[in-house]
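Coordinate inspection notes
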Amino acid sequence: MAELAITVSYAISALGLLAGVGIVYALMQSDRVEASRGKFAWLFIIPGFAAFSYILMAAEIGVVTVGGNEVYLFRYLDWIVTTPLLVGYVGYVAGAPRKWIIGVGAADALMISVGLAATLATGLATWIGFAISGGFHVVLLAILYVVFPRYARENRERYRLFKVLQNHVGLLWLAYPALWVASPAGLGYVSAVGTAMVIAYIDLVAKTPYVYFVWSDRACFAADPISADDAATDETIDADEAVTAAD
Ligand code: RET
């Protein structure tokens with residue numbers, strides 16, 4: 001039996017992630033933007049798959065014991081599926097070419113897979129795995145801060161959203177390796193319960209606010225982004241758009 005605190009934390013995160021699913025739904029329904037321009041369907045998977053994983057984790061499904069520590073496999077499955085999307089979408093907003101979007105997603109997936117291997121290993125192998133996974137994290141950050149800005153500068157209407165998502169990912173994600181080192185998988189300074197509670201919280205913060213930021217700046221995906229703000233208030237432009245749509 002897992003501690004009640006863990007079950008409750010996971011259940012709260014699942015609820016918060018479902019709110020994220022609701023935000024993406026609202027985004028797809030919004031008539032201020034074109035859902036296809038924003039590729040919003042991809043965003044559904046981020047809080048959606050995570051909510052599903054958290055429900056299974058709250059039910060203690062997919063838990064294995066390694067070296068006396070409990071490892072929740074759905075956490076890593078969730079990360080492998082959703083974190084490449086979180087970081088890849090930042091590249092999409094920047095207007096980066098597909099090769100870089102796939103490249104950053106691959107660096108991310110390697111970071112998580114090697115991180116899982118490090119978690120399942122014991123002794124020296126754990127720390128070798130941590131160093132390799134950390135190396136992929138550095139590659140990911142370099143793409144985020146060196147490569148993507150080159151493209152983002154040419155995408156003026158999406159620049160603000162790009163900066164928000166870039167820093168949300170770039171800064172918040174630093175907490176993960178730091179927590180891992182302190183957790184029972186690393187040096188064991190923080191208990192299993194403490195680790196589970198903190199991860200449940202930061203996973204939620206990494207996802208629901210992320211889709212909310214896209215929602216709040218959705219006008220940058222309007223068919224005519226320059227007049228996006230006018231379009232919401234100006235009847236004439238709305239009428240024009242209706243005519244174009246009818247054509
Ligand atoms: C591990 C351990 C090994 C070293 C590194 C890690 C990084 C993990 C990260 C996870 C991000 C997860 C997110 C989840 C959202 O729900 C695997 C902990 C570098 C950065 C954003």
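Starting afresh in each chain, residues are numbered from 1 along the sequence in its written order. Given that the model is predicted, a residue must reach a pLDDT of at least 70 before its local features are reported, and side-chain atom pairs must reach 80 or more before they are shown or counted; all residues, however, enter totals for whole chains, interfaces and linings. Each side-chain value is derived from all of the structure's non-hydrogen atoms; neither hydrogens nor water enter the calculation.

Using a 1 Å grid laid over the protein atoms alone, points where a 1.4 Å probe fits but cannot get out form a cavity; open sets with protein on both sides within 12 Å along at least 5 of 7 lines form a pocket; any residue with an atom within 4 Å of a point counts as lining. Grid points are joined across faces, edges and corners, and a volume is the space filled by probe spheres set on the points. When its volume is computed, the largest pocket comes out at roughly 740 Å³. Together, 40 residues line the largest pocket, and Arg75, Tyr76, Trp79, Trp180 and Ile199 are the ones closest to its centre. The secondary structure listing takes helices from DSSP runs of H or I that are at least 4 residues long and strands from runs of E that are at least 2 residues long, numbered from the N terminus. For the lining of the largest pocket, the secondary structure elements donating two or more residues are helix H1 (4-29), strand E2 (69-72), helix H4 (73-94), helix H5 (98-120), helix H6 (124-152), helix H8 (175-182) and helix H9 (192-216). Sort the elements by how many residues they give to the lining of the largest pocket and H9 lands first, with eight residues.

Let's shift gears to the pattern of salt bridges. Definition used for salt bridges: Asp or Glu carboxyl oxygen within 4 Å of a side-chain nitrogen of Lys or Arg. Scanning all chains against the criterion turns up two salt bridges. Among the ionic pairs, Asp78 bridges to Lys207, the shortest N-O distance being 3.0 Å. Here the residue Asp78 occupies a position in helix H4, and Lys207 occupies one in helix H9, the gap between them amounting to 129 residues. Across the pair, exposure class does not vary: Asp78 and Lys207 are buried alike. Among the ionic pairs, Arg160 bridges to Asp217, the shortest N-O distance being 2.7 Å. Of this pair, Arg160 sits in helix H7 (residues 156-172) while Asp217 is found in the loop between H9 and helix H10 (228-233), placing the two residues 57 residues apart along the sequence. Note on exposure labels: buried denotes an accessible area under 20% of the residue type's maximum, exposed denotes more than 50%, and partly exposed covers the range between, all computed with a 1.4 Å probe on protein chains only.

A few words now on the environment of Val181. Following the sequence through the fold, Val181 ends up in helix H8. When the C-alpha positions of Val181 and Phe130 are compared, they lie 8.8 Å apart, and in sequence the two are 51 residues distant. When near neighbours in sequence (up to four residues on either side) are disregarded, Val181 contacts Trp127, Phe130, Gly186, Leu187 and Gly188. Any two residues having at least one pair of non-hydrogen atoms within 4.5 Å are treated as being in contact.

For the rest of this paragraph, the subject is the confidence of the model for the chain. The predictor attaches a confidence to each residue, and that confidence, scored 0 to 100, is pLDDT. With 89% of its residues at a pLDDT of 70 or more, the chain has an overall mean of 90. Segment residues 227-247: pLDDT under 50, and 11 contacts once partners within four positions in sequence are set aside and those in other chains are kept.

So, about H6. For H6, built from 29 residues, the straight-helix expectation of 42 Å at 1.5 Å per residue is met to within 8% by its first-to-last C-alpha distance of 41 Å. Throughout, bend refers to the angle between the axes fitted to the seven residues that end at a position and the seven residues that start at it. Within H6, the axis deviates most sharply at Ile143, by approximately 30 degrees. Taken residue by residue, H6 has Thr126, Gly129, Ser133, His137, Leu140, Ile143, Leu144, Val147, Phe148, Pro149 and Ala152 as its buried positions. Helix span, expected: 1.5 Å multiplied by one less than the number of residues in the helix.

Only centres within 6.5 Å qualify two rings of Phe, Tyr or Trp (six-membered ring in Trp) as a pair; their planes then separate them into stacked at under 30 degrees, edge-to-face at over 60, and tilted for everything else. Applying the stated criterion across every chain yields a total of 13 aromatic pairs. Ring centres 6.4 Å apart and planes at 90 degrees place the aromatic pair Phe52 and Phe74 in the edge-to-face group. Within this pair, whereas Phe52 is found in helix H3 (residues 40-58), its partner Phe74 is found in helix H4, the two being separated by 22 residues in sequence. Between Phe130 and Trp180 the ring centres are 5.0 Å apart and the planes differ by 15 degrees, which places this aromatic pair in the stacked class. Here the residue Phe130 occupies a position in helix H6, and Trp180 occupies one in helix H8, the gap between them amounting to 50 residues.

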